[in-house]
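# Observations on the model geometry
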Amino acid sequence: MAGGPILVLDDDVEIVRLITRVLEHDRRRVVAFTDAREALEAARREAPALVFADLMMPRMDGEAFGLALRADLREATPPLVFVTASLARREVAERCGAVATVEKPFEVQDILDLAARFIG
C-alpha cells in the first residue's frame, strides 16, 4: 500500500483486533489505538491514508477526535469513517467531514470495501 497506514480507533479492544486482522490479512499496514488522544498524536506523525474510528469513547469521543483531526491535518486530512452503534452517526459524520459511516455490528466485507474505495 502506498502512502500512510490505516489508523483504527475504538475503545473496544476486540473491535480494534478484528478490524486490524481483517485489514492486515488484506495486506494493509495498520496502526491501532484504543485511546483517541494517542490516535490523534499518531495521525500527526504517521499521516494515515484512511481512518476508521468509533464515536462513543471515554476521554475524547469520536466527534472531538474527528474535528481535531481536521483542524490539525487540514488539507492532509485522511478520509474518516465512523464505525459505531451511535444513532447520531450521520449527523456527527457530516459535522466532522467523515466520508462514510458503518453501523455496528458490521460485516468485515464493509471494512474491506471502504479501504478499497478510499485508498485502492
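Check the entry above for the structure.
Residues numbered from 1 in each chain as written. Predicted model: local features only at pLDDT ≥ 70, side-chain atom pairs only at ≥ 80, totals over all residues. Heavy atoms only, no water.

### Describing the overall build of the chain
For the record, the criterion: Numbering of helices and strands runs from the N terminus; a helix is a DSSP stretch of H or I covering at least four residues, while a strand is a stretch of E covering at least two. Our radius of gyration is a C-alpha quantity, and the globule rule it is checked against amounts to 2.2 Å times the number of residues to the power 0.38. Relative accessibility decides the category of a residue: with a 1.4 Å probe and only protein chains considered, values under 20% of the type maximum give buried, values over 50% give exposed, and everything between is partly exposed. By definition, residues are in contact when any of their heavy atoms lie within 4.5 Å.
Check the secondary structure of the chain and you find five helices and five strands. Element order for the chain, N to C, with α for helix and β for strand: β-α-β-α-β-α-β-α-β-α. Since a compact globule built from 120 residues should have a radius of gyration of about 14 Å, the 13 Å found for the chain is in line with a globular shape. Considering only C-alpha atoms, the chain reaches an extent of 30 × 30 × 25 Å along its principal axes. Relative to its 120 residues, the chain shows a buried fraction of 50%. A separation of at least 24 residues holds for 65% of the contacts in the chain among residues at least 6 apart in sequence.

### Quick notes on the nonpolar core
Let me state the cut-off plainly: In plain words, nonpolar cores are sets of buried Ala, Val, Leu, Ile, Met, Phe, Trp, Tyr and Cys residues tied together by side-chain atoms within 4.5 Å.
The biggest cluster of nonpolar side chains holds 24 residues, and the ones touching the most others in it are Leu7, Leu9, Phe65, Leu80 and Phe82. Within the residue set of this core, elements represented by two or more residues are strand E1 (6-9), strand E2 (30-33), helix H2 (36-46), strand E3 (50-53), helix H3 (62-73), strand E4 (80-84) and helix H4 (89-96). With five residues, the top contributor of residues to this core is H2. Apart from the residues within four sequence positions on either side, Leu80 is in contact with Val51, Ala53, Phe65, Gly66, Cys96, Ala98, Val99 and Ala100. Formed by 18 residues, the second largest nonpolar core is a distinct cluster that contains Val30, Val81, Ala100 and Phe106.

### What about the packing of helix H1 (residues 13-25) against helix H5 (residues 108-119)?
Our working rule: Here the axes come from fitting lines to C-alpha atoms, over the contacting stretch only for helices, and the angles between their N-to-C directions go from 0 to 180 degrees. Working definition: roughly parallel below 35 degrees, roughly antiparallel above 145 degrees, roughly perpendicular at 65 to 115 degrees, and oblique for all remaining angles. Left-handed is the label given to a crossing in which the near helix is rotated counterclockwise from the far helix by less than a right angle, and right-handed is the label when the rotation is clockwise. The classification used treats Ala, Val, Leu, Ile, Met, Phe, Trp, Tyr, Cys and Pro as nonpolar, Asp, Glu, Lys and Arg as charged, and all other residues, Gly among them, as polar.
Taken N-terminus to C-terminus, the directions of H1 and H5 make an angle of 55 degrees; their axes are 10 Å apart at the nearest point. The orientation of H1 with respect to H5, classified from their angle, is oblique. Two packed elements cross with a definite hand, and for H1 against H5 that hand is right-handed. Where H1 approaches H5, its residues Leu18, Ile19, Val22 and Leu23 are matched on the opposing element by Val108, Ile111, Leu112 and Ala115. Of the residues contributing to the contact of H1 with H5, the split by class is eight nonpolar, no polar and no charged.

### Re the pairing of E2
Which entries qualify depends on this criterion: Strands were regarded as paired on the criterion that DSSP finds at least two bridges between them.
The sheet contact formed by E1 and E2 spans four bridges and is parallel. Directly across from Ile6, in E2, lies its bridge partner Val30.

### Examining the side chain of Arg89
Relative to the helices and strands, Arg89 is located in helix H4. Aside from chain neighbours lying at most four places away, what touches Arg89 is Leu55, Thr84, Thr101 and Glu103.

### Regarding the environment of Phe106
Following the sequence through the fold, Phe106 ends up in the loop between strand E5 (100-103) and H5. When its relative accessible area of 14% is taken as the criterion, Phe106 is described as buried. Residues Phe106 and Thr84 lie 22 residues apart in sequence; the distance between their C-alpha atoms is 8.9 Å. The contacts of Phe106, once residues within four sequence positions are left out, are Ile15, Leu18, Ile19, Val83 and Ile111.

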